[in-house]
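Listed here are the chains, written in short residue letters.
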Amino acid sequence: MIAGIIRERKAHGQKAVLGLPTGSTPVGIYRELIRLHREEGLDFSNVVTFNLDEYLGLGPDRLQSYRRWMQEHFFNDINIPPENIFIPDGLTPPEKLDEHCREYEAAIQRVGGIDIQLLGIGRNGHIGFNEPFSATNSRTRVATLDPVTRRDAAGDFFGEEGVPMQAITMGLGTIFDARKIVLIALGEHKASIIRETAEGPSTPRVPACYLRQHADATLLVDTAAANKLTAVATPWVLGKIDWTDQLVKQALLWLSEQSGKALLKLDDDDFRQHNLHQLLRHHGPAQSVAHRVFRWMMAGRRSARSSRGVHDQRQHRGLRSRRQTNRRPGERIQPPVRHRRVQIQRPGRARGPVVGKEGPGR
Ligand code: PGA
């Protein structure tokens, strides 16, 4: 998508203007763009970039500065002209900050606005450093960091006390002016905020939820970050589905939790009162489907126990399984992580907000 915009603009002799984030989320995108540059000749000479934010008080030589991060993760490896790179200057003296922010906005205007704005999301729903309760029409400015943000950044600063209190950030209004917006979320720790962003009520507590008002905003999530979305967690409430064994099990466990009843105590009315008529029709009555799921679960436990037995025997005989070989002593075996990207867009609309729900206009 990004490469397409760069090539298309170049073909028309125009500049491609990218709004860019830092953080763990975009690392893979920058790597892929670098690969396209090296292996397929993607040319960045017509690209102009505006970064979302920078910590106040940090110069480009500091390890945690976003300017340095961008150089090391992206700019050093592509052919973007240095004069086309815009990042707020964390060392701007206090008396010049207003002017610096105004000039940042003016620079975006001068190149005709941002073509595509990439975003990560904080666990508190921030985008850039637009923390909860940021104004939807805010522009580039100095913002005070939310405690959740400072806690999440603590690892980079050797402790929370080292995290700056303030940053310069593009405003929500600046971000929403981009022609196209792509918000990316990866990992289980983003699942709750992704659900709130895509499906929760519009609230200033979750700045990212206002992206639903944008004409061309897309949310890209991996399987883990999508976990709490209705379409993944409880797809049966959305309409007709194909009942796989896994979904039947998922629905029964959910129903048991919702109704506060043990699996084998569920009755037909519980199914009807929780939108599970279809399941009852195809696999009912309640008792029989509940027994089926119960048997699967018992079988699952038995096979888990027996594979633990094999594992114990291997240990006993001094053998090492393949997954053990790279472990450090005492380290636990982690289940393999599966990443699958799903694109969530309002059904029936080629271009449209992430998920259509109401919220204040801008
Ligand atoms: P992350 O940060 O990509 O490191 O998760 C995102 C953000 O806080 O905006």
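Residues numbered from 1 in each chain as written. Predicted model: local features only at pLDDT ≥ 70, side-chain atom pairs only at ≥ 80, totals over all residues.

## Considering the confidence of the model for the chain
As a reminder, the rule being used: Per residue, pLDDT measures the predictor's confidence, with a range of 0 to 100. The contact criterion used is a C-beta to C-beta distance within 7 Å, with each C-beta placed from the backbone.
Per-chain confidence: the chain averages 87 in pLDDT, with 85% of residues scoring 70 or above. Across residues 314-362, where pLDDT falls below 50, the model places 62 contacts with residues more than four positions away in sequence or in other chains.

## Concerning the sheet that holds strand E7 (residues 166-169)
Threshold: Strand pairing follows a simple DSSP-based rule, namely that at least 2 bridges must link the two strands. Numbered from the N terminus, helices here are DSSP runs of H or I no shorter than four residues, and strands are runs of E no shorter than two. Orientation is described by lines fitted to C-alpha atoms, with helices fitted over the stretch in contact, and by angles between N-to-C directions that extend from 0 to 180 degrees.
The three strands lie next to each other as E3-E7-E6, forming an open sheet whose pairing is antiparallel. For this open sheet the edge positions go to strand E3 (53-55) and strand E6 (141-144), each flanked by a neighbour on one side alone. Averaged over all neighbouring strand pairs, the angle between strand axes comes to 30°, with direction disregarded. Strand direction decides the pairing type here: E3 and E7, joined by three bridges, are antiparallel. Along E7, the bridge assignment pairs Asp-53 with Thr-169.

## Considerations on the environment of Leu-145
As for its placement among the helices and strands, Leu-145 is situated in the loop between E6 and helix H5 (147-153). For the pair Leu-145 and Met-165, spaced 20 residues apart in the sequence, the C-alpha separation amounts to 5.6 Å. Here Leu-145 is in contact with Phe-129, Glu-131, Arg-150, Val-163, Met-165, Gln-166 and Ala-167, once residues within four sequence places are set aside.

## With respect to the nonpolar core
Which entries qualify depends on this criterion: Under the definition applied here, buried Ala, Val, Leu, Ile, Met, Phe, Trp, Tyr and Cys residues are grouped into a nonpolar core through C-beta atoms within 7 Å. Residues with at least 20 other C-beta atoms within 10 Å of their own are called buried, those with 12 or fewer are called exposed, and the rest are partly exposed. The C-beta atoms themselves are positioned from the backbone.
Counting residues in hydrophobic clusters, the biggest one holds 65 residues, and the most contacted among them are Ile-181, Val-182, Leu-183, Ala-185 and Ile-194. In terms of residues, this core owes the most to one element, strand E8 (residues 180-185), which gives five residues. In this view, Ile-194 contacts Ala-185, Val-221, Ala-225, Ala-226, Lys-228 and Leu-229; residues no more than four positions away in its chain are not counted.

## Notes on unusual backbone geometry
A negative phi angle is the norm for most residues apart from glycine, just as the trans form is the norm for most peptide bonds. Look at the link from Gly-284 to Pro-285: it is a cis peptide, with omega at 5°. Along the chain, the position of Pro-285 falls in the loop between helix H12 (277-283) and helix H13 (286-316). At Phe-133, a residue that is not glycine, the phi angle is positive and equals roughly 75°. Within the element layout of this structure, Phe-133 appears in the loop between strand E5 (116-119) and E6. Despite not being glycine, Asn-275 shows a phi value in the positive range, around 65°.

## Points about helix H10 (residues 245-259)
Here is the rule we go by: To estimate how far a helix should reach, multiply one less than its number of residues by 1.5 Å. Each direction from the helix axis to a C-beta atom contributes to the arc, which is the arc of those directions.
With 15 residues, H10 should cover 21 Å at 1.5 Å per step; its first-to-last C-alpha distance of 21 Å lies within 8% of that length. For H10, every residue scored as buried is listed here: Ala-251, Leu-252 and Leu-255. For H10, the buried positions fall inside an angular range of 100° around the axis, keeping them on one side. Of the exposed residues in H10, the ones pointing more than 90 degrees away from its buried face are Gln-246 and Glu-257.

## Observations regarding the pairing of E5
Neither face of E5 is left uncovered, since the one carrying Ile-116 and Leu-118 and the one carrying Gln-117 and Leu-119 both have all their residues buried. Bridge count for strand E1 (residues 16-20) against E5 is two bridges, and the pairing is parallel. Paired with Leu-18 across the two strands is Ile-116, which belongs to E5. Pairing geometry for E5 and E8, over four bridges, is parallel. Counterpart to Ile-116 in the pairing with E8 is Lys-180.

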